[in-house]
Amino acid sequence: MWSNEDVIEKTKSSQRLSKEILGLFGASFLISTICFWVLNEVANVLVLKYVKEELLMISEYQLYDIQYGILGISFVSGIVLFIILFLSLVGERLAYIREVVKGIDALGRHEWNYEIPLRGKNELTELAKRVNELSKEEEAFQAKERQLQEDKMSLIRSLSHDIRTPLTSMMSYSEFMRQKENLTTEEVKAYMELVEQKSQQIKVLTDRLLDGGSRHLAFFEDGRLLMEQLVDAWSAELEDEFLLEISLEACPAFSGEFDVEELRRIFDNLASNIRKYADATLPVQLQMMEKDGYVCIIQSNRCKRLNRLVESTRIGIDSIRKIVTQYGGAVRISQMEDTFSIEIKLAKIKKNL
Amino acid sequence: MLELFMDPLGLLVITFFVMGIISVAALVLVHFLKNEKIKKGLLYFLSVWGVIIAYCGVRSTPLYMMDQILITVAIGALSVIAFLLQKFSKKENKFQIARALVSVSVVAGMIDCFMI
């Protein structure tokens, strides 16, 4: 919306170009007039001086003729000079229109970083300023759009990756059950429980994908108990294939607001990475402790030696990082030769007294 | 009247007017235009023009008036100095100085060539 000051400024600037052109007209006219008079006088003096020096015999009428001739030439010279000066000076001002048109063309080609140089203080300058502002606004809007699109894709990638984890677990357990010849009732029951649990997890993650990744925070009086349960689930995923060394003694009692699904996703991703990349012949260590006032989870393992290079997509770690950032925490990865370690500073501890 | 202008006097007057218009137009534009490239071009043109005016002045002066010839040459030299200053100097205000020198050279050259 235009303010009163903008309107006054706009009115002033709308008169500037016409004032400028009028000024240039006046200046060109003045210079031409002065030149006409000077050229006329000097030419007359020149003629008289020449006649005197060369001792030419010319009559009064011839002299008048010469003087009128000089007057005529001076007049024509004045007009020619006026045209040259006025057209050059005004043409230069109006040539700025070409620059503004260039800028508008660049806007049409989506070259948002093109800036029209600002010259003078008239309507054309205002126009150039507005075009530049429009260009910047459009660039910012496009950048925001790109960021939103990136965030959306990142959310989809992250949640899709996290949905795959329980699905993989269900599939590998189904494969195991299929290959077994005689299934006991307890095994079938355990399998059904796992399927139900993982299905619930998939459902929650799918719901989250559909509602744009909103969080469901709940207050937990006993945060340590929650962590123990999550660690139990993590170890249940891996204990059949890996030797696990878990240490929770250093973890203090604490409370806080957490989204259980997010924490579950963290541990699922940790378990998934262990299954994909850890060496099963050596133990996997998981520690939970207080560090720098944060609940800290440290997982370390030896990496598999593989015949062909398996590229990690890092989606799992990025997913963990995004979740931890929402709690104000941080993730630190260290990889030395065959050892991989991930330190997750989850959230600031509010100790239970 | 036309016959009068076909003889040396007439040619002198026409030459004066043509040189006057070119000098005034170029001097005004080099001072008032805002485009730096055009101003530089005009400055180089005026440097050459100043030398041409000085040449005309030297040619129109009898040889026995050596002091007059020297003054005309000095006036022309101002244009050359202006050209060299603009081309090779690293001073920040070299354009303003060169423009002043070339203006003096052209105006003084015209006065010297036609009036003295």
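Please read these numbers as outputs of a predicted model, since none were measured by experiment.

A. Summary view of the sheet that holds strand E4 (residues 284–291) of chain A. Residue and element names in this part refer to chain A. The mixed open sheet is built from five strands, whose spatial order is E2-E4-E5-E7-E6. Single-partner strands in this sheet number two, and they are strand E2 (244–247) and strand E6 (330–336). The average undirected angle you get between the axes of adjacent strands in this sheet is 15°. Relative to strand E7 (residues 339–348), E6 runs antiparallel, the two sharing seven bridges. From the neighbouring strand, Val331 faces E7, where its bridge partner is Ile344. Each of E2, E4, strand E5 (294–302) and E7 is contacted by helix H6 (residues 223–238), which is oriented at about 175° to E2, the strand it contacts most.

B. Focus on a nonpolar patch on the surface. Judged by side-chain polarity, Phe75, Val76, Ile79, Val80, Ile83, Ile84 and Leu87 of chain A come together as a nonpolar surface patch covering roughly 600 Å² of accessible area. By the secondary structure assignment, Phe75 of chain A is in helix H2 (residues 60–94).

C. Main features of empty space enclosed by the protein. All names here are of chain A. Scanning the entire structure with this criterion turns up two cavities of 30 Å³ or more. Here the second largest cavity defines a volume of roughly 30 Å³. Contributing to the lining of the second largest cavity are Gly103, Ala106, Leu107, Glu111, Tyr114, Ile116, Val131, Asn132 and Ser135. Put simply, the parts of the chain that give the lining of the second largest cavity at least two residues each are helix H3 (96–108) and helix H4 (123–179). Of the residues belonging to the lining of the second largest cavity, the class tally is five nonpolar, three polar and one charged.

Calculation notes
Residues numbered from 1 in each chain as written. Chains lettered and ligands numbered in written order. Predicted model: local features only at pLDDT ≥ 70, side-chain atom pairs only at ≥ 80, totals over all residues. Heavy atoms only, no water. Pairing = 2+ DSSP bridges. Helix = DSSP H or I, 4+ residues; strand = E, 2+ residues; numbered from the N terminus. Axes fitted to C-alpha atoms, helices over the stretch in contact; angles between N-to-C directions. Contact = heavy atoms within 4.5 Å. Patch = residues over 30% accessible without salt bridge, like charges linked within 9 Å, V, L, I, M, F, W, Y side chains within 5 Å. Areas by Shrake-Rupley, 256 points an atom, 1.4 Å probe, with all protein chains shown as cover. Salt bridge = Lys/Arg side-chain N within 4 Å of Asp/Glu carboxyl O. 1 Å grid on protein atoms, 1.4 Å probe; cavity = no way out; pocket = protein on both sides within 12 Å on 5 of 7 lines; lining within 4 Å. Points joined across faces, edges and corners; volume = space filled by probe spheres on them. Nonpolar A, V, L, I, M, F, W, Y, C, P; charged D, E, K, R; others polar.

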